[in-house]
Amino acid sequence: PQRTYIFTFLLSSRVFIHPHELLAKVGQICIKQKQQLETGTEAEKAKLKSFAAKIIQLLKEWTETFPYDFQDEKSMKELKEIAHRITQCDEENGTVKKIISQMTQNLLMALSARSQYQEIREKFRQPVTDKGTILKTKPQSTQKDILSVCCDPLILAQQLTYVELERVSNIYPEDLMQIVSHMDSLDNHKCRGDVTKTYNLEAYDNWFNCLSMLVATEICRVVKKKQRTRMVEFFIDVARECFNIGNFNSMMAIISGMNLSPVARLKKTWSKVKTAKFDVLEHHMDPSSNFCNYRTALQGAAQRSQTANSNREKIVIPVFNLFIKDIYFLHKIHTNRLPNGQINFKKFWEISRQIHDFLTWKQVECPFEKDKKIQSYLLTAPIYSEEALFIASFESEGPENHMEKDSWKTLR
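Residues numbered from 1 in each chain as written. Predicted model: local features only at pLDDT ≥ 70, side-chain atom pairs only at ≥ 80, totals over all residues. Heavy atoms only, no water.

Within an unreviewed UniProt entry, the label attached to the protein reads Ras-GEF domain-containing family member 1A, and the organism entered is Chlamydotis macqueenii.

(A) Representation of the pattern of salt bridges in the model. A full pass over the atoms with the stated rule returns 14 salt bridges. Among the salt bridges present, the one from Asp69 reaches Arg14, with a minimum N-O distance of 2.9 Å. Highlighted residues: Asp69 in the loop between helix H3 (42-65) and helix H4 (73-89) and Arg14 in the loop between helix H1 (3-13) and helix H2 (19-37), separated in sequence by 55 residues. Accessibility expressed as a relative area gives 6% for Asp69, which makes it buried. (Salt bridge = Lys/Arg side-chain N within 4 Å of Asp/Glu carboxyl O. Helix = DSSP H or I, 4+ residues; strand = E, 2+ residues; numbered from the N terminus. Buried < 20%, exposed > 50% of the residue type's maximum accessible area, 1.4 Å probe, protein only.)

(B) Expanded view of the nonpolar core. Counting 117 residues, the largest nonpolar core has Leu156, Leu176, Phe235, Phe248, Ile254 and Met258 as the members making the most contacts within it. Among the elements that make up this core, the one with the highest residue count is helix H10 (residues 195-220) (11 residues). Excluding residues that lie within four positions of it along the chain, Ile254 makes contacts with Leu160, Leu211, Val215, Phe235, Val238, Ala239 and Cys242. (Core = buried A, V, L, I, M, F, W, Y, C linked by side-chain atoms within 4.5 Å. Contact = heavy atoms within 4.5 Å.)

(C) The arrangement of the packing of H2 against H3 in detail. Here H2 crosses H3 at 170 degrees, and the two axes come no closer than 10 Å. It follows that H2 is roughly antiparallel to H3 by the angle criterion. In this structure, H2 contributes Pro19, Leu22, Leu23, Val26, Ile29, Cys30, Gln33, Lys34, Gln36 and Leu37 to the contact, and H3 contributes Glu44, Lys47, Leu48, Phe51, Ile55, Leu58, Leu59 and Trp62. Per-class residue counts for the contact of H2 with H3 are 13 nonpolar, 2 polar and 3 charged. (Axes fitted to C-alpha atoms, helices over the stretch in contact; angles between N-to-C directions. Parallel < 35°, antiparallel > 145°, perpendicular 65-115°, else oblique. Nonpolar A, V, L, I, M, F, W, Y, C, P; charged D, E, K, R; others polar.)

(D) Here's a closer look at the side chain of Arg14. Judged by its relative accessible area of 4%, Arg14 falls in the buried class. A polar contact of 3.1 Å, which involves the side chain of Arg14, links it to the backbone oxygen of Leu10. (Polar contact = N/O pair within 3.5 Å; in protein donor to acceptor, adjacent residues only side chain to side chain.)

(E) Seen up close, the packing of aromatic side chains. Summed over the entire model, instances satisfying the criterion amount to 17 aromatic pairs. Consider the rings of Phe7 and Phe66, whose centres lie 5.8 Å apart with planes at 15 degrees: the pair is stacked. Of this pair, Phe7 sits in helix H1 while Phe66 sits in the loop between H3 and H4, and the two are 59 residues apart along the sequence. The exposure class of Phe66 is buried, given its relative accessible area of 0%. Clustering of aromatic rings is evident, with ring pairs tying together Tyr5, Phe9, Phe345 and Trp349. Note that Lys362 overlies the ring of Tyr172, its terminal NZ or CZ placed 4.5 Å from the centroid. (Phe/Tyr/Trp six-rings, centres within 6.5 Å; stacked < 30°, edge-to-face > 60°. Lys NZ or Arg CZ within 6 Å of the ring centre and 35° of its normal.)

(F) Representation of the side chain of His20 in the model. Mapped onto the secondary structure, His20 falls in helix H2. Those residues in contact with His20, other than ones at most four positions away along the chain, are Asp72, Lys74 and Ser75.

(G) Region of interest: the confidence of the model for the protein. On average, residues of the protein score 86 in pLDDT, and 88% of them reach the 70 mark or higher. When the elements of the protein are averaged for pLDDT, helix H6 (residues 131-135) gives the smallest value, 47, and helix H12 (residues 248-258) the largest, 97. Scored below 50 in pLDDT, residues 129-142 shows 22 contacts in the model against residues more than four places distant or in partner chains. Considering only residues more than four positions removed or in separate chains, one finds that residues 183-196, a stretch of pLDDT under 50, has 28 contacts. (pLDDT = per-residue confidence, 0-100.)

(H) Structural detail: helix H16 (residues 288-307). With 20 residues, H16 should cover 28 Å at 1.5 Å per step; its first-to-last C-alpha distance of 30 Å lies within 8% of that length. The largest bend along H16 measures about 40 degrees and falls at Arg295. Taken residue by residue, H16 has Phe291, Tyr294, Ala297, Leu298, Ala301, Ala302 and Ser305 as its buried positions. The secondary structure elements touched by the buried residues of H16 are helix H11 (225-245), H12, helix H15 (276-284), helix H17 (311-314), helix H18 (320-333) and helix H19 (345-362). (Expected span 1.5 Å × (residues − 1). Bend = angle between axes of the 7 residues up to and from the residue.)

Next up, the structure:
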């Protein structure tokens, strides 16, 4: 079968059967075929070689696309046994041995890279909750903000894209398939509830929330209205540059940060902001008709990516939580099995197509050089909690109505 079919089959099979059980079935087929074709006639020998070549193709694509399926000893043992049998099917051909040894080497490298990543799991940043430090507003000159680290919207958008591509490279197809697996009723299934599988998704989602809160923090903690207006306009420009690059996830995070109540309520600040650019961005991210405008823009970026000559034009970073929701709804709307009891392959084909697109986008090499100073600020600058944001917001522009006055009283 074609690569896309093998990918879809291996991806969706885990909803019904554990990968090592599937591998064991492949092993059983190998033993059976070998016994049937070992009669020694030339025709049978040729069939055996052809069979060996197909099994090698399957194993090669399996180990390349889903290396994590081979992390446990059972699967590794099974893989070695199948490889040994296949080598015997075509012993005089040295290339079979070579392909298998290369495949094993690549698999071990992939597994080692992934386990290293899991060891250095990011430490989640805790929002600043100490009210005291926020209420004593520091003099503006000593306060370091994003503009003192990077005042060019394009450069900041490029650095955000660098972070996005780095994060997204740690998400694998089987992580995404957990969205489907987790919601099934087969409680005894061994690969369900595997925390390591959903961790990568949560870590990426956490980055989105951190970026939203960072944007809100940067705006709310500026004391002077003029500089606060400048900060708002700066982030609008950054979001616009993200949109132009094809980095929709950062763009959405920035807009979400600016739409948080502590920022949105700063009426005097917003009255000074040139909002035309912001209105355009809001239009692109308008949730009506299932984010129709965003989907059109995403489609445009995806088409540009297909015909692009440079990595710069290949970048497509979708809004991750919308991408996850799409897979979830595909899973919810369609059943896993057809009325006749067979597997609803059409459903899994569609889910796999979306995941395949995502994998294509995540493999783009980042064309922007890493700026350590900016990256360090993005990943370690203090973030205010929701409560702290409101305090800073009320300090900048006092409460306007009874409801705000009450919450300000409570906060203090």
